[in-house]
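# Close look at the chain arrangement
Residues per chain are reported as follows:
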Amino acid sequence: MEFQGTTLATKEACVHALRQPELSSNPGGAMAGSANLLFMDNESHIRLRAVVRDVIGQLEPLPHQVTTDIRAIVQKLHGRNDIDLVADFGRPVAAIVAAAVLAVEQELTAELLDQISGTAANLGVWIGDSAPAGSAMHKVVRFFLKATAIHDGGLDRLRRARKAGEITEDELLVTPVMLVHAAYENSTNFLAAAALQLSQSPSLAEQFVSGSRQAGAVREMVNQICPTRHVMRRATKPLDVAGTHIQEGECVAISIGPPNALAFGTGSHSCPGIKVALTEAEFALREIAPLLAASWRTVSVEEKNHFVFHGLSHALIRRDSSSGD
Ligand code: HEM
């Protein structure tokens, strides 16, 4: 299905739109009153976001176990001649961080991770798909409903917030899914694409190895790769945004990709996981850089096809036979 509304492209219009209270994050219709943080506005958004921020804050700085697990993933790649930077690097690294955010005893299996990715279809509501993520959503909701929460971890904090009356029953059901998806999908997409760039540019990989990058270099890479290309809003009244007229009820796609350098958004919904995402990327790319600084050939790369998310479904690289590890 095609997007029917207005697309804002200039940086001025996009920044303005993201800070405009008349542009709601709620798609309306069946989603009015949604318990998903991404689709909420005003006081209820501020209330739930404070609880989510508390959950994410546990990973600032990244716990030792997370960095140990990321290092182990990269270690397994040494000696390999073929690497799929999505399946072997982006996904498992992002899965470790996503699992650490919720902190449950049960493993996030490959099947569950696919379901978590599948919940992205929820955003289809913006382009008129009705209840698109139904079965994936139910499976992930059920997983966290039954999961054993590790003491004082993310899910435990959400359950305690429910007991204290800080969040509703519906918010307790939906928030783990929204949060695990937010942590997993964007980071998978960014890490795989960034590692591909390192494999194609030994001098870039070398900068990670030697630590000679400029401050803010990883953030610049995120802005350039930009795993979320658009964020969506709906006008609650007629308004003008940097010269573009938007009618009441109209949906707006805000382009945060290059050259706008808004990969983490701005305004009230801007990414609350930015510190975690940047620390995770900095650490994981520095770990894999010595391996990618060797000579690699890109064998095949395939892009995912989603109107909001921008990522790769695989990125296969092969070691040049003339080089060693
Ligand atoms: C490279 C990685 C990441 C990128 C590029 C990214 C980007 C974004 C963007 C653009 C939004 C704003 C959506 C909007 O305005 O509608 C967002 C929201 C969000 N992100 Fe991230 N994100 C990343 C990683 C993470 C991580 C690791 C976490 C959790 C630890 C996280 C948690 C969230 C949450 C909870 C929201 C919803 C905020 C709200 O609606 O108030 N993100 N992210």
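Residues numbered from 1 in each chain as written. Predicted model: local features only at pLDDT ≥ 70, side-chain atom pairs only at ≥ 80, totals over all residues. Heavy atoms only, no water.

## Some remarks on the sheet that holds strand β9 (residues 312–319)
Strand order in this open sheet of 3 strands is β3-β9-β8, and the pairing throughout is antiparallel. Every other strand in the sheet has two partners, leaving β3 (82–84) and β8 (296–303) as the edge strands with one partner each. Strand-to-strand, the axes of this sheet are offset by a mean angle of 15°, without reference to chain direction. (Pairing = 2+ DSSP bridges. Helix = DSSP H or I, 4+ residues; strand = E, 2+ residues; numbered from the N terminus. Axes fitted to C-alpha atoms, helices over the stretch in contact; angles between N-to-C directions.)

## Considering the site of the ligand
Neighbouring the ligand are 27 residues, the closest being His-45, Arg-49, Arg-233, His-269 and Cys-271. With respect to the ligand, the side chain of Asn-186 contributes an N or O atom lying 3.5 Å from a nitrogen atom. A distance of 2.6 Å is found between an oxygen atom of the ligand and a side-chain nitrogen or oxygen belonging to His-269. For the shell around the ligand, the secondary structure elements donating two or more residues are α2 (42–57), α8 (169–200) and β4 (230–235). Here the shell around the ligand takes 7 residues from α8, the largest share from any one element. (Near = heavy atom within 4 Å. Polar contact = N/O pair within 3.5 Å; in protein donor to acceptor, adjacent residues only side chain to side chain.)

## Describing the side chain of His-269
Considering the arrangement of structural elements, one finds His-269 in the loop between β7 (251–255) and α11 (274–292). Note on His-269: relative accessible area 17%, which makes it buried. A distance of 3.0 Å separates the side chain of His-269 from the side chain of Ser-25, its partner in a polar contact. Beyond its immediate sequence surroundings of up to four residues, His-269 is in contact with Ser-25, Leu-37, Leu-38, Met-40, Asp-41, His-45, Arg-49 and Arg-233. (Buried < 20%, exposed > 50% of the residue type's maximum accessible area, 1.4 Å probe, protein only. Contact = heavy atoms within 4.5 Å.)

## Quick word on the packing of α8 against helix α10 (residues 217–225)
Relative orientation of the contacting elements α8 and α10 amounts to 105°, with a least axis distance of 10 Å. Put simply, α8 runs roughly perpendicular to α10. Between α8 and α10, the contacting residues are Phe-190, Ala-193, Ala-194, Gln-197 and Leu-198 on the first element and Val-218, Met-221, Val-222, Gln-224 and Ile-225 on the second. (Parallel < 35°, antiparallel > 145°, perpendicular 65-115°, else oblique.)

## Considering the pairing of β9
Relative to β9, β3 runs antiparallel, the two being bridged by 3 bridges. Note that in β9 the partner of Asp-84 across the bridge is Leu-316. Examined bridge by bridge, β8 and β9 share 7 bridges and lie antiparallel to one another. Pairing of Thr-298 across the sheet is with Ile-317, part of β9.

## A few points about the nonpolar core
If you look at the biggest cluster of nonpolar residues, it comprises 100 residues, and the most contacted ones within it are Leu-85, Phe-89, Phe-144, Phe-190, Ile-254, Leu-285 and Ile-288. Of the residues forming this core, the biggest block, 16 residues, is contributed by α8. The residues touching Phe-190, leaving out its near neighbours within four places in the chain, are Val-218, Met-221, Val-222, Ile-225, Pro-227, Ala-281 and Leu-285. Residues Leu-123, Met-232, Cys-251 and Val-308 belong to the second largest nonpolar core, which totals 10 residues. (Core = buried A, V, L, I, M, F, W, Y, C linked by side-chain atoms within 4.5 Å.)

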